[in-house]
Amino acid sequence: LLSNLGENLSTKGYVVFSIAHTDNTYTDFDPDISLMSAIINRTLDQRFMVTTVSALNEEGFLKGMLDPEKIGMIGYSFGGFGLLRTLGIKMNDGMIQRFSAYEDLITEAEDYQGDKRVKAAALFAPYGAAFFDMDTLANFTVPTLWLQGNADTVVPHPPVYSEFQNAVNTDRYFVIYELLDHSIITNPVPPEVQD
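Read on for a plain summary of the structure.

**As for unusual backbone geometry**
Move 1: Look at Ala125: it is not a glycine, yet its phi comes out positive at around 45°.
Move 2: Along the chain, the position of Ala125 falls in the loop between strand S2 (118-124) and strand S3 (144-149).
Move 3: Despite not being glycine, Leu179 shows a phi value in the positive range, around 65°.

Shown next, in the form of structure tokens:
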């Protein structure tokens, strides 16, 4: 979905990993379970990837080529939702009650303050402001770059900007794309899925 961005970053010396989130790709999208799968698994996939970077630096063809102490992460839409959780934002009580059947999978440990291995984050139109306990936006301290179109009809702009304003313990910048909708960073939709 963001391979153009990944390829661009790799030309600048970054090692880029892209996660194919189960139940949410062009080939396995299932509308009956994709939302719940994203709510539960998006942050878990991201945290697994951070752990995997350390392991890949220890053995295999990437041995010694990675710096597990300098990990940046990009999240777009529901990836941004997962990334905010990875950085330490917790689900609010209303959402935990709404998804009570999955409470043990979406509730963070009381002392969770975010994955400190992530040193910087870019959030492109992050989904889910209504899901979060806004007070926990103060949990993360890594520098963040927020980007969104102010005509976004999928993820309304005002709640995202409110999240940004409440992330008071991070050096942060917000880039607003005037009159743009949700697809501010994605590759063009492949012809085979346009129908």
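Read on, since the account is not over.
**Description of the sheet that holds strand S1 (residues 71-76)**
Move 1: Spatial ordering of the open sheet is given by S1-S2-S3-S4, a layout of four strands whose pairing is parallel. One side of each edge strand has no neighbouring strand; the edge strands of this open sheet are S1 and strand S4 (172-177). The average undirected angle you get between the axes of adjacent strands in this sheet is 15°.
Move 2: Sheet topology places S3 next to S4; six bridges connect them, and they run parallel. Among the inter-strand pairings, Gly149 is bridged to a residue of S4, identified as Tyr177.

**A few points about the environment of Asp28**
Move 1: With respect to the helices, strands and loops of the structure, Asp28 is situated in the loop between helix H1 (3-10) and helix H2 (34-58).
Move 2: Excluding its chain neighbours within four sequence positions, the residues that come into contact with Asp28 are His21, Thr22 and Asp23.

Scoring rules and cut-offs
Residues numbered from 1 in each chain as written. Predicted model: local features only at pLDDT ≥ 70, side-chain atom pairs only at ≥ 80, totals over all residues. Heavy atoms only, no water. Helix = DSSP H or I, 4+ residues; strand = E, 2+ residues; numbered from the N terminus. Pairing = 2+ DSSP bridges. Axes fitted to C-alpha atoms, helices over the stretch in contact; angles between N-to-C directions. Contact = heavy atoms within 4.5 Å.

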